[in-house]
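# Chains, contacts and geometry: an overview
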Amino acid sequence: MSKQNTASSRTKYLNLVKQLTGIDYEIVEKSDAQNEEINEQHILNHLANSDLVLLKDRNNPISQRISKREQILAARQQYNLEQIFSLALGHIDEDQLIERLDLDWIMKFVELAKQSYTPTMHELWSKILTLELVKQGSFSHKSLKTLSELSTKEAKIFYQAVKVLCRFGDEHAGRILTGVYKKPTLLNIFSNSGKLNVNLSQFGLSYTNLIALAELGLIYQQEIESAAYHLDDKIKLSCQGHTYDIFVAQKEVIFTYYKLTQAGYELSNLVKPTGDNTFIKQVLNEFSHLITSQMEITEKV
């Protein structure tokens, strides 16, 4: 890398640090530092090219430098809250009945929400606020804490998980289906021919993503097996606003899936179904020898 590119990169880096923290560095040549009779205690670092790293405001008391950094952080967090509360206005209908928020809840909300720094996270926090206004108790403190620990990338992974959530019957939390198989008998106990796995990677949800969601406390870590369904058992299966009556085509058919935690379920309510039935259609097609679908049910919204 040329000296000019190095200088440009350093300048960008120094500007970034100053913008984020208020810490203002300067880089001086060793000879210049000697001419200025700079004390060794002011030198923070010796670079490989013999340049020295100093603070521009090194003569200011450290208490002032701390205060400057804290003011920048407070200003950023104030901006975050202003964005979140303004976005919430867009989700509130004028004729919507809203409740007075619990003081403990809103104070915890403010403390955690102010630490979100991206537009994506601002939007999620604003939706939480408006949903809580309509129905108190929709989001526990644990859910708020979980969301505060999510990066934007992790939030997008969770969004992919919610998009493939399926619900059996009237259950609320939903399941991330991973496979279906016929319970083995003594004749085929060592055969894996009956096992079929859902290709979740095709829908933006790899095994690594599932592990990440489990570590974040959004899904349970262990894959779960359903009770065995019997021949001709009827199941109402819903996914992304599409609902099907499906029938079990063989004896003792078992579904494997990951289940949302309570925090995961609460946060899943931030995502609205897109109406895309690609996932559920693929599941029904690939597992057609174990389960069959007679019709799609038109749900009343």
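The structure we're discussing is the one just above.
Residues numbered from 1 in each chain as written. Predicted model: local features only at pLDDT ≥ 70, side-chain atom pairs only at ≥ 80, totals over all residues. Heavy atoms only, no water.

With that settled, the discussion passes to the overall build of the chain. Counting secondary structure elements, the chain contains ten helices and eleven strands. Taking all 301 residues of the chain together, the buried fraction comes to 36%. Accessible surface, the chain as shown: approximately 18500 Å² in total, 51% of it carbon and sulfur. (Helix = DSSP H or I, 4+ residues; strand = E, 2+ residues; numbered from the N terminus. Buried < 20%, exposed > 50% of the residue type's maximum accessible area, 1.4 Å probe, protein only. Areas by Shrake-Rupley, 256 points an atom, 1.4 Å probe, with all protein chains shown as cover.)

Pairing in this open sheet of four strands is antiparallel, and the strands run β6-β5-β10-β7 from one edge to the other. One side of each edge strand has no neighbouring strand; the edge strands of this open sheet are β6 (196-197) and β7 (224-225). (Pairing = 2+ DSSP bridges.)

Both the distance between ring centres and the angle between the ring planes are used here to describe each pair of aromatic rings. Taken as a whole and assessed by the stated rule, the structure comprises six aromatic pairs. For the ring pair Phe85 and Phe109, a centre distance of 6.2 Å and an interplane angle of 70° mean the geometry is edge-to-face. Placement of Phe85 in helix α3 (residues 62-89) and of Phe109 in helix α4 (residues 103-113) is noted, with a sequence separation of 24 residues between them. For Phe85, a relative accessible area of 35% gives the class partly exposed. Under the relative-accessibility criterion, Phe109 is labelled buried at 0%. Taking the centre distance of 5.3 Å and the plane angle of 20° together, the rings of Trp105 and Phe109 count as stacked. Remark: Phe109 and Trp105 occur in helix α4; sequence separation between them is four residues, near one turn of the helix. Judged by its relative accessible area of 10%, Trp105 is buried. (Phe/Tyr/Trp six-rings, centres within 6.5 Å; stacked < 30°, edge-to-face > 60°.)

This paragraph deals with the environment of Leu270. Assignment of secondary structure puts Leu270 in the loop between α9 (262-268) and α10 (278-286). In the structure, Leu270 is positioned 146 residues away from Leu124 in sequence and 6.9 Å away in space, judged by C-alpha atoms.

Moving on to the nonpolar core. In this structure, Trp105, Phe109, Trp125, Ile128, Ile176, Leu205 and Phe279 are the most contacted members of the largest nonpolar core, which totals 63 residues. Here this core gets six residues from one element, more than from any other, and that element is helix α5 (residues 119-134). If sequence neighbours within four positions are ignored, Leu205 has contacts with Ile157, Gln160, Ala161, Val164, Ile176, Leu200, Leu210 and Leu213. If you look at the next biggest cluster of nonpolar residues, it comprises five residues, including Val28, Ile38, Ile43 and Leu54. (Core = buried A, V, L, I, M, F, W, Y, C linked by side-chain atoms within 4.5 Å. Contact = heavy atoms within 4.5 Å.)

Moving on: the packing of α4 against α5. The geometry of α4 relative to α5 is characterised by a closest axis approach of 11 Å and an angle of 175° between their N-to-C directions. The orientation of α4 with respect to α5, classified from their angle, is roughly antiparallel. Across the interface between the two elements, Trp105, Ile106, Phe109, Leu112 and Ala113 of α4 pack against Trp125, Ile128, Leu129 and Glu132 of α5. Looking at the contact of α4 with α5 residue by residue, the class counts come to eight nonpolar, no polar and one charged. (Axes fitted to C-alpha atoms, helices over the stretch in contact; angles between N-to-C directions. Parallel < 35°, antiparallel > 145°, perpendicular 65-115°, else oblique. Nonpolar A, V, L, I, M, F, W, Y, C, P; charged D, E, K, R; others polar.)

Attention now moves to the packing of α5 against helix α6 (residues 141-148). Look at α5 against α6: their axes get within 11 Å of each other, and the N-to-C directions meet at 170°. Considering the angle they form, α5 stands roughly antiparallel to α6. Where α5 approaches α6, its residues Met121, Leu124, Trp125 and Ile128 are matched on the opposing element by Leu144, Leu147 and Ser148. Here the residues of the contact of α5 with α6 are counted per class, giving six nonpolar, one polar and no charged.

Our focus in this paragraph is the sheet that holds strand β2 (residues 45-46). Here we have three strands laid out as an open sheet, ordered β1-β3-β2, and antiparallel in their pairing. Taken across any chain shown, the strands that pair with only one partner, and hence form the sheet edges, are β1 (25-28) and β2. Pairing of β1 with strand β3 (residues 52-55) involves four bridges; the strand directions are antiparallel. In the strand pairing of β3, Tyr25 is matched with Leu55.

This paragraph deals with the state of the cysteines. What the rule picks out here adds up to zero disulfides. Unpaired in this structure, Cys166 has its nearest cysteine sulfur neighbour in Cys239, at a distance of 3.8 Å. Under the relative-accessibility criterion, Cys239 is labelled buried at 2%. (Disulfide = S-S within 2.5 Å.)

Glycine aside, residues mostly have negative phi, and peptide bonds are mostly found in the trans state. Phi is positive for Gln240, close to 55°, though the residue is something other than glycine. Judged by relative accessible area, which is 9%, Gln240 ranks as buried.

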